[in-house]
Amino acid sequence: MAVLEQLTSQQAIELEQKHGAHNYHPLPVVLSRGEGVHVWDVEGKKYYDFLSAYSAVNQGHCHPKIVGAMTTQAETLSLTSRAFYNDMLGAYEKYATETFHFDKLLPMNTGAEAVETALKICRKWAYEKKGIEENNAQIIVCENNFHGRTTTIISFSNDPVARKNFGPYTDGFIKITYDNLTALEETLKNNPNVAGFLVEPIQGEAGVYVPSAGYLSDAKALCEKYNVLFIADEVQTGIARTGRLLATCGNCSCSDKHCSGTPEVKPDILILGKALSGGAYPVSAVLANDPVMEVIRPGNHGSTFGGNPIAAAVGMAALAVVKEEALAQNAFDLGELFRAELNKFIPTCDLVLSVRGKGLLNAILINDTEQSSTAWDICMALKENGLLAKPTHGNIIRFAPPLVMTKDQLLDCVSIIKKTLEEFK
């Protein structure tokens, strides 16, 4: 195996520009190492990671328990496909279903794959259980959603960059405004062929939009009234990010924020990914109870890598870390502190209009247009000051650090953010 020479940041960027498809617009920083809440670039500069790979690295970079489980399993058995049983998958499925309180788990690899899986399950349930005539099932989605970028998913996106010139699009979706119960009920009442309602508990990619109190529980009640499956996409919001094990747990009264035992909302189908592996390996899953999941039979769905032994070992370790280190509680406490500190600062700074979020999924709204470069320029300045974040929708900056962050580290990051914003005043 050839030994790669150590590249400079500029050389690494030029290599990607020359040999890679230009489907991302990264911040110009080239990372080569990560540990906990920190990452280092190839020149050795240290940064706070305030994006966590879009909430995939909730457990922190290179968590030793997760890495240990991955390397041990990789040296033992890596892949069998589902043509045979392996000795890890059943243990993982048991651990995960008991953690989230569902009967069954269907393992996949990426978040978008898990969303596609949930859509297939919902449609098959509609035909076999609800009695909708085949090929007529409709699924309600929300405007400004982000569920991935596969052909089916972009068919119900209203992001022109994700959609344009990728048609023809997949039928079978009805789009309504987010956080609007009236629109949901009107659609359910007037469309007997609706099979499911797919929703993000918090719209992360759209700018960390937190719905009104009671929206999710009332939406679930409407779904039950009209015999429609409530499908929660918790790829970004799940696994302790919002201060509960799941965002659909809501403001439950449980003393254990990790339990998900008596949530405000119990989805009929739960979609997980990202931090389900702690960012160490592609792992996603769809969970449901038997009356829904039993519509899937041999040959209906699958994946060569889905449920492989490494993924199973990593998934169990990643979930164990969340529980053992009380990361949901830490996300809740530090999120309260983060928003309180910024809310004290915002009145002194006309550059920021507001901060919003739950747990350690937060965003600030920059006082400029979506077409401006201000948010990007602020993120470039944050990088120079040792903190990495990224804009979304032009004038919003999302802040989502690893959940292993300490109070002192969080306050240090708040100081960096305030210092950077003051430089723009």
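Residues numbered from 1 in each chain as written. Predicted model: local features only at pLDDT ≥ 70, side-chain atom pairs only at ≥ 80, totals over all residues. Heavy atoms only, no water.

Engineer: I keep staring at the sheet that holds strand 15 (residues 396-399) and nothing clicks. Help me out?
Structural biologist: Hydrogen bonding along the main chain pairs the strands of a sheet, whether they run parallel or antiparallel. Pairing in this open sheet of 4 strands is antiparallel, and the strands run 11-12-15-14 from one edge to the other. A single partner strand is all that each edge strand has here, and the edge strands are strand 11 (352-358) and strand 14 (390-392). Between one strand and the next, the sheet's axes are offset by a mean angle of 30°, whatever the strand orientation. Of the pairings in the sheet, the one linking strand 14 to strand 15 comprises 3 bridges and is antiparallel in character. Counted as the bridge partner of Lys-390 is Arg-398 from strand 15. (Pairing = 2+ DSSP bridges. Helix = DSSP H or I, 4+ residues; strand = E, 2+ residues; numbered from the N terminus. Axes fitted to C-alpha atoms, helices over the stretch in contact; angles between N-to-C directions.)

Engineer: Just to check I follow, could you spell out the pattern of salt bridges for this structure?
Structural biologist: Where charged atoms from two side chains of opposite charge come close, those side chains can pair. One pass over the structure, following the stated rule, counts 14 salt bridges. Where Lys-124 meets Glu-128, a salt bridge forms, and the shortest distance between an N and an O atom there is 2.6 Å. Of the two residues, Lys-124 and Glu-128 both sit in helix 5 (residues 111-130), 4 residues apart, roughly one turn of that helix. By relative accessible area, Glu-128 is classed as partly exposed at 39%. Two residues, Lys-383 and Glu-384, come together in a salt bridge whose shortest N-O distance is 2.9 Å. With a relative accessible area of 9%, Lys-383 lands in the buried category. (Salt bridge = Lys/Arg side-chain N within 4 Å of Asp/Glu carboxyl O. Buried < 20%, exposed > 50% of the residue type's maximum accessible area, 1.4 Å probe, protein only.)

Engineer: What is the right way to look at unusual backbone geometry in this model?
Structural biologist: Only a minority of non-glycine residues have a phi that is not negative, and only a minority of peptide bonds are not trans. A cis amide bond links Gly-167 with the next residue in sequence, Pro-168, at an omega value of 5°. Within the secondary structure, Pro-168 sits in the loop between helix 7 (160-163) and strand 6 (173-176). For Ser-52, which is not glycine, the phi dihedral falls at a positive 55°. Even without glycine at this site, Ala-53 takes up a positive phi of about 50°. With respect to the helices, strands and loops of the structure, Ala-53 is situated in helix 2 (residues 52-55).

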